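# What the coordinates show
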Amino acid sequence: MTDVEPGSNMAAHEPKNYLGFDFSTQQVKAIVVNEGLEVLQEALVQFDNDLPEYRTHGGVHVRGDGVTVTAPTIMWVKALDMLMDKLRVAGADFSTVAAISGTGQQHGSVYWRTGASKTLLEVQPDRFLHEQLAMAFSITDSPVWMDSSTSTQCQALEEVVGGPQKLANITGSRAYERFTGSQIAKIYKTRKEAYSNTERISLVSSFACSLFLGSYAPIDFADGSGMNLLDLNTKTWSQACLDACAPGLAEKLGKPVPASEKLGSVSSYFVERYSFNPDCAVIAFTGDNPASLAGMCVGSGDVVVSLGTSDTLFLWLDIPTPQLEGHVLVNPVDSTAYMALLCFKNGSLTREKIRDECADGSWDIFSQLLDMTPRGNFGNIGIYYYMREITPNLEGVFRYNKADDLVSRFTSREVEVRALVEGQLIAKRVYAEKLGFNIGSGTRVLATGGASNNNSVLQVLADVFNSPVYTMAVANSACLGSAYRAKHGLVGGKFQEVIKKRDFKLVCKPNSDADKVYTPLVERYLHLESSLLATKNNIPSI
Ligand SMILES: Nc1ncnc2c1ncn2[C@@H]1O[C@H](COP(=O)(O)OP(=O)(O)O)[C@@H](O)[C@H]1O
Ligand SMILES: O=C(CO)[C@@H](O)[C@H](O)COP(=O)(O)O
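As the structure is a computational prediction, the values presented were derived from the model and not from experiment. (Residues numbered from 1 in each chain as written. Chains lettered and ligands numbered in written order. Predicted model: local features only at pLDDT ≥ 70, side-chain atom pairs only at ≥ 80, totals over all residues. Heavy atoms only, no water.)

### Examining the overall build of the chain
For the chain, the helix and strand inventory stands at 21 helices and 25 strands. Its C-alpha atoms give the chain a radius of gyration of 23 Å, within 12% of the compact-globule value 24 Å for 542 residues. C-alpha extents for the chain along the principal axes are approximately 75 × 50 × 45 Å. Considering only intrachain contacts with a sequence separation of at least 6, the fraction spanning at least 24 residues in the chain is 72%. Carbon together with sulfur atoms contributes 49% to the accessible area of the chain, which is approximately 20,400 Å² in total. Across the chain, the mean location of the 49 positive side-chain charges is 3 Å away from that of the 59 negative side-chain charges. (Helix = DSSP H or I, 4+ residues; strand = E, 2+ residues; numbered from the N terminus. Rg over C-alpha atoms; globule rule 2.2 N^0.38 Å. Contact = heavy atoms within 4.5 Å. Areas by Shrake-Rupley, 256 points an atom, 1.4 Å probe, with all protein chains shown as cover. Lys, Arg positive; Asp, Glu negative; His and termini not counted. Charge placed at Lys NZ, Arg CZ, Asp CG, Glu CD.)

Encoded structure:
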């Protein structure tokens, strides 16, 4: 007989592994790490390619109005069914998993139909989850972070609490269209019956966690900070914000918890179907950007640039200083601290569009074209917002020559590619500096997300920030961070003492002329963007 830890089914000397999930915009991913935090297995399921029956593009459906963006909730469940099988094929031994945690694209919401808690509890291990949960949702298409259809609700929310800065002081952000409070307000206004048939509203993260727990998982403080509903100071729902969005909301949301909270053990479904140990702990899931902060083990002086479906930039904050631009969230690894976050909607999908137009759909050719052009791009600058941008609130494509004249196209494919990449990365520096971030001699840019595999893009990042750029061996820091958080949630204590791994690789150093080239370009970009914002309602067509 094996030695068993007191009060546990886990053998004392058996290996302890940790499992992290990431329910992101375009895919679900999973990573298993061992006690030493080395990656044992990885797997992913892409929505567009692996689940073509849902007909998503980039994991979502954009409705006819061009601003309503949703994803079929059940697709995420089916993706999990497939991912579990892929993990098993990859060699994962679920009986050795001591704890699970995970993450989801932020702000998206899931609406559980009245009675769904019973369905969730009673799922049978001999059938897929997606077959059994097909009727569990009162709203079948979840609004996601790319949605920008709620400006009326945003205005109403800001007015109720006394203006945008007041709302930011309470919740960490002024009202944003993708934030869950306004999304729920829109559902309440337009689909009253569905709202009253909803017994629980989850974020994508807490919804995913509920699948493992077999019961409704609470929303954690960090992802809860992306709703315009959580009071950052008290870490409870703000009654004024709840009342401004919909009635009976506190009950439908449940009580929020710290991101490191151990919520219980994995459900009997996972024990019986996948041979998980019944003691395997489930740690609260959080948003993908907070999980990335955990995965990158961010320290002071570090700025993280995540180049995924969305591009984001974030840093650790000790003291919250909410502003009208950007977001302050409760920190996922230390609930007494905070993080600052900027989100840019036109990230990878915009780069893919220009790659397809200029580089025959190949990242290699895209990189070659980028490398062919000089820093500063002969004075040409581009701003590419095919979708209405979040930071700043602008839409359109604007190409400027060196005399700041708007031109309809650039002279070559390589100038177009560099204009896109420089424009995107200069905007990140502009907004990081507006947030109060000072680039200094100790600054390190930590890059993550799909495009952090591209060294040509990272070289431009190093030059624009005039700082060295580092990456980790695993580009998906949100998923890795979830596996780390699983361990931290189980073991307890200070995150930095439990997760000591910081194996970054220096990938690019700034060129010696970087400051000379990009500091004036940052000024020019700010000026061009300000004039676009000033004439926003009178913008020339693309
Ligand atoms: N070599 C590359 N260069 C630039 N972008 C890349 C490269 N490889 C993958 N990507 C981009 O990475 C994106 C996916 O990034 P990822 O961080 O996994 O997204 P998410 O977590 O939001 O689903 C894809 O849309 C793809 O365009
Ligand atoms: O809206 C935000 C952050 O505020 C996005 O960053 C989402 O969290 C989606 O993340 P990705 O799937 O692009 O990683």
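Still more ground to cover, so stick around.
### With respect to the nonpolar core
Of all hydrophobic cores here, the largest spans 85 residues; its most connected members are Leu229, Leu249, Leu253 and Leu461. If one sorts the elements of this core by residue count, helix H17 (residues 413–434) sits on top with 11 residues. Composition of this core by domain shows at least three residues from each of domain 1 (17–290) and domain 2 (297–473 + 512–542). When sequence neighbours within four positions are dropped, the list of residues in contact with Leu253 reads Ile184, Arg200, Ile201, Ile219, Met227, Leu229, Trp237 and Leu242. If you look at the next biggest cluster of nonpolar residues, it comprises 60 residues, including Val28, Val32, Ile100 and Ala116. (Core = buried A, V, L, I, M, F, W, Y, C linked by side-chain atoms within 4.5 Å. Buried < 20%, exposed > 50% of the residue type's maximum accessible area, 1.4 Å probe, protein only. Domains from an automatic or database assignment.)

### A word on the site of ligand 1
Contacts to ligand 1 come from 14 residues, most closely from Ser24, Gln27, Thr309, Glu352 and Gly450. For ligand 1, an oxygen atom lies 3.0 Å from a polar atom in the side chain of Gln26. A distance of 3.0 Å separates an oxygen atom of ligand 1 from a polar atom in the side chain of Lys29. Protein chains shield 81% of the accessible area of ligand 1, which is 590 Å² for the free molecule. (Near = heavy atom within 4 Å. Polar contact = N/O pair within 3.5 Å; in protein donor to acceptor, adjacent residues only side chain to side chain.)

### Quick look at the site of ligand 2
Within the structure, ligand 2 sits among 14 residues, and Thr25, His107, Arg178, Asp288 and Ser310 are positioned closest to it. Between an oxygen atom of ligand 2 and a main-chain N or O atom of Gln106, the distance comes to 2.9 Å. One of the side-chain nitrogen or oxygen atoms of His107 is found 2.6 Å away from an oxygen atom of ligand 2. In isolation ligand 2 has 370 Å² of accessible area, and contact with the protein removes 95% of it. Classifying every residue of the shell around ligand 2 gives 3 nonpolar, 9 polar and 2 charged. Inspection of the shell around ligand 2 shows a minimum of three residues originating in each of domain 1 (17–290) and domain 2 (297–473 + 512–542). (Nonpolar A, V, L, I, M, F, W, Y, C, P; charged D, E, K, R; others polar.)

### With respect to the sheet that holds strand S24 (residues 469–472)
Taken in spatial order, the 7 strands make up an open sheet running S18-S19-S17-S16-S23-S24-S25, and their pairing is mixed. Two strands bound the open sheet, and with one partner strand each, they are strand S18 (327–330) and strand S25 (504–508). For this sheet, the mean inter-axis angle between neighbouring strands, taken without regard to orientation, is 30 degrees. Bridge analysis of S18 against strand S19 (residues 338–344) gives 4 bridges, and the strand direction is antiparallel. Paired with His327 across the bridge in S19 is Leu341. Against the sheet, H17 contacts strand S16 (302–307), strand S17 (311–317) and S19, and its axis sits at roughly 145 degrees relative to S19. (Pairing = 2+ DSSP bridges. Axes fitted to C-alpha atoms, helices over the stretch in contact; angles between N-to-C directions.)

### A short note on the confidence of the model for the chain
For the chain, mean pLDDT is 95; residues scoring 70 or higher make up 96% of the total. The ipTM value of the predicted complex is 0.98, and its pTM value is 0.95. (pLDDT = per-residue confidence, 0-100.)

### Let's talk about the domain arrangement of the chain
Domain boundaries in the chain define domain 1 (17–290) and domain 2 (297–473 + 512–542). Taken over C-alpha atoms, the centre of domain 1 sits 28 Å from the centre of domain 2. At the boundary of domain 1 with domain 2, the tally comes to 0 salt bridges. At the level of elements, helix H6 (164–171), helix H10 (221–224) and helix H14 (288–295) are the ones that each hand at least two residues to the side of domain 1 that touches domain 2. Across the side of domain 1 that touches domain 2, the residue classes tally to 13 nonpolar, 12 polar and 3 charged. (Salt bridge = Lys/Arg side-chain N within 4 Å of Asp/Glu carboxyl O.)

### Observations regarding the pairing of S17
Buried residues dominate S17, accounting for 7 of its 7 residues. Burial along S17 is two-sided: the residues Asp311, Leu313, Leu315 and Leu317 and Thr312, Phe314 and Trp316 are all buried. Between the antiparallel neighbours S16 and S17 lie 3 residues. In the sheet, S17 pairs with S19 via 7 bridges, with the strands oriented antiparallel. Across the sheet, the residue bridging to Leu317 is Tyr338, located in S19.

### Quick word on the packing of H17 against helix H18 (residues 455–465)
It is the contact of H17 with H18, at a shortest axis distance of 9 Å, that shows an interaxial angle of 45 degrees. It follows that H17 is oblique to H18 by the angle criterion. Classified by chirality, the crossing of H18 by H17 is right-handed. Touching Arg418, Val421, Glu422, Leu425, Ile426, Lys428 and Arg429 of H17 are Val457, Val460, Leu461, Val464 and Phe465, all from H18. Along the lines of polarity and charge, the residues of the contact of H17 with H18 split into 8 nonpolar, no polar and 4 charged. (Parallel < 35°, antiparallel > 145°, perpendicular 65-115°, else oblique. Left-handed = near helix turned anticlockwise from the far one by under 90°.)

### Some points on the UniProt feature "domain: Carbohydrate kinase FGGY N-terminal" (unreviewed entry) in the chain
Annotation from UniProt places "domain: Carbohydrate kinase FGGY N-terminal" (unreviewed entry) at residues 144–295. With 50% helix and 12% strand, residues 144–295 has end C-alpha atoms that lie 23 Å from one another. (UniProt positions renumbered as here; feature names shortened; annotations may be inferred.)

### A few points about the side chain of Ser292
Its place among the elements puts Ser292 in helix H14. Ser292 has contacts with Phe314, Thr448, Ser477 and Ala478, leaving out every residue within four places of it along the chain.

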